[in-house]
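Here is how the chains run, residue by residue.
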Amino acid sequence: MASTVSMTTRTQCSIPSLLPSPSKPRTPASQSFSSSSHSQFHGLNFSKPASASAAPVPSSFKTSIVAKVNKGQVPPNFTLKDQDGKAVSLAKYKGKPVVVYFYPADESPSCTKQACAFRDSYEKFKKAGAEVIGISGDDSSSHKSFAKKYRLPFTLLSDEGNKVRKEWGIPSDLFGALPGRQTYVLDKQGVVQLIYNNQFQPEKHIDETLKLLQSL
């Protein structure tokens, strides 16, 4: 699982006196009321009022709540290795509905429960004409072991470095410490029809996606 993000970043701000000083001229307001800080999270720069006394919100949290892929859009294509080490492209599934679910990690209790729920309902997905693809940052060998252990009949893709996760804008949980659990349903044209996020009720992803697929 992802390591806990440090929350100790502090910004030092100085507030100039608002009263005129006999010894030196007042600083123009345009110069005294803003300061810039450099965040250690993703190397992003932020500007904020110098008078703010509250601790800055980590940029990892700020960026995690803005999705880059929205309903009604065609998401970026990707090519990743599956559990057998073969390259798989999202574009190959165009023409049929696709369920793409991002999950934190193989073998974790919640992720195992979610994968097995997809497995147990796999015939329903097939009946709806849909493909199921699971994506995490684990490598292909981990996926192979995970799929074999739980007899998973669908494709697992390795997003090492979380490149696709970042491109799709998957929000993180627990202030960026835990990779998000988010599911997308794409229609036959590759357009997103559903985005469902629920970290702590993994089995509800199956219920929500089936409900949408049955209405297409």
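Residues numbered from 1 in each chain as written. Predicted model: local features only at pLDDT ≥ 70, side-chain atom pairs only at ≥ 80, totals over all residues. Heavy atoms only, no water.

As annotated in an unreviewed UniProt entry, the protein is Peroxiredoxin Q, chloroplastic from Linum tenue. In UniProt, the protein has this text filed under Catalytic activity (unreviewed entry): "a hydroperoxide + [thioredoxin]-dithiol = an alcohol + [thioredoxin]-disulfide + H2O". (UniProt positions renumbered as here; feature names shortened; annotations may be inferred.)

Student: Would you mind going over the overall build of the protein in detail, with residue names and values included?
Tutor: Looking only at helices and strands, the protein features 7 helices and 9 strands. If you take every contact in the protein between residues at least 6 apart in sequence, the share linking residues at least 24 apart comes to 61%. Element-wise, carbon and sulfur atoms account for 53% of the exposed surface of the protein, whose accessible area totals about 12400 Å². (Helix = DSSP H or I, 4+ residues; strand = E, 2+ residues; numbered from the N terminus. Contact = heavy atoms within 4.5 Å. Areas by Shrake-Rupley, 256 points an atom, 1.4 Å probe, with all protein chains shown as cover.)

Student: Tell me about the pairing of strand β8 (residues 182-186), and please be specific about residues and values.
Tutor: Regular strands place side chains that alternate from one sheet face to the opposite one. For β8, the tally of buried residues reaches 5 of 5 residues, placing the bulk of the element in the interior. In β8, alternate side chains face the same way, and those of Gln182, Tyr184 and Leu186 on one face and Thr183 and Val185 on the other are all buried. Where strand β5 (residues 98-102) lies against β8, 5 bridges are found, and the strand directions are antiparallel. Bridge pairing in β8 links Val100 to Tyr184. (Buried < 20%, exposed > 50% of the residue type's maximum accessible area, 1.4 Å probe, protein only. Pairing = 2+ DSSP bridges.)

Student: Before we move on, can you summarise the nonpolar core with the specific residues and values?
Tutor: Within the largest apolar cluster, 24 residues are counted, with the highest numbers of intra-cluster contacts made by Tyr101, Phe118, Phe125, Val132, Leu152, Phe154 and Leu156. Sorting the residues of this core by element identifies β5, α3 (109-120), α4 (122-127), α5 (140-150) and α7 (204-213) as the ones contributing at least two each. Ignoring sequence-local partners within four residues, the contact set of Phe154 consists of Gln83, Tyr101, Ala115, Phe118, Arg119, Tyr122 and Val132. Listed in part, the 18 residues of the second largest apolar core include Val100, Ile135, Leu186 and Val192. (Core = buried A, V, L, I, M, F, W, Y, C linked by side-chain atoms within 4.5 Å.)

Student: Account for the packing of aromatic side chains, naming residues and giving values.
Tutor: Enumeration over the complete set of coordinates arrives at 12 aromatic pairs. Aromatic side chains Phe78 and Trp168 sit 5.9 Å apart centroid to centroid with 50° between the ring planes, which places their arrangement in the tilted category. Residue Phe78 is found in the loop between α2 (59-64) and β3 (79-82), and its partner Trp168 is found in helix α6 (residues 163-168); the two are separated by 90 residues along the sequence. According to the relative accessible area criterion, Phe78 is buried, its value standing at 4%. Of the residues examined, Trp168 reaches a relative accessible area of 0% and is grouped as buried. (Phe/Tyr/Trp six-rings, centres within 6.5 Å; stacked < 30°, edge-to-face > 60°.)

Student: Tell me about the side chain of His143, and please be specific about residues and values.
Tutor: The topology assignment puts His143 in helix α5. With residues near it in sequence (within four places) discarded, His143 still touches Gln83, Tyr103, Asp106, Ser136, Asp138, Leu156, Leu157 and Ser158.

Student: Got a sec to walk through the pairing of strand β9 (residues 192-197)? Specific residues and values, please.
Tutor: Sheet analysis places β8 next to β9, joined by 5 bridges and oriented antiparallel. Residue pairing in the sheet places Tyr184 in a bridge with Ile195 of β9. The antiparallel pairing of β8 with β9 creates a hairpin that spans 5 residues between the two strands, and Gly190 there sits at a positive phi of about 85°.

Student: Pulling in residues and values, what's your account of the pattern of salt bridges?
Tutor: Scanning all chains against the criterion turns up 5 salt bridges. For Asp84, the salt bridge is made with Lys144, and the minimal N-O distance between the two is 2.9 Å. With Asp84 in the loop between β3 and β4 (87-89) and Lys144 in helix α5, this pair connects stretches of sequence that are 60 residues apart. What makes Asp84 partly exposed here is its relative accessible area of 47%. (Salt bridge = Lys/Arg side-chain N within 4 Å of Asp/Glu carboxyl O.)

Student: Residue-level account of α7, with values.
Tutor: Burial within α7 is extensive, with 7 of its 10 residues counted as buried. Residues His205, Ile206, Glu208, Thr209, Leu210, Leu212 and Leu213 constitute the buried set of α7. Against the buried residues of α7 lie β5, α3, α4, β8 and β9.

Student: Could you give an account of the sheet that holds strand β7 (residues 155-158), with specific residues and numbers?
Tutor: Read from one edge to the other, the open sheet built from 7 strands follows the order β4-β3-β7-β6-β5-β8-β9, with strand pairing classed as mixed. Across the chains shown, the open sheet's two edge strands, defined by having one partner strand only, are β4 and β9. Averaged over all adjacent pairs, the angle separating strand axes in this sheet is 30°, with direction ignored. With 5 bridges connecting them, β5 and strand β6 (residues 131-136) associate as parallel partners. Of the residues in β6, the one forming a bridge with Val98 is Glu131. Packing of α5 onto the sheet brings it into contact with β3, β6 and β7, and relative to β7 it is tilted by some 155°. (Axes fitted to C-alpha atoms, helices over the stretch in contact; angles between N-to-C directions.)

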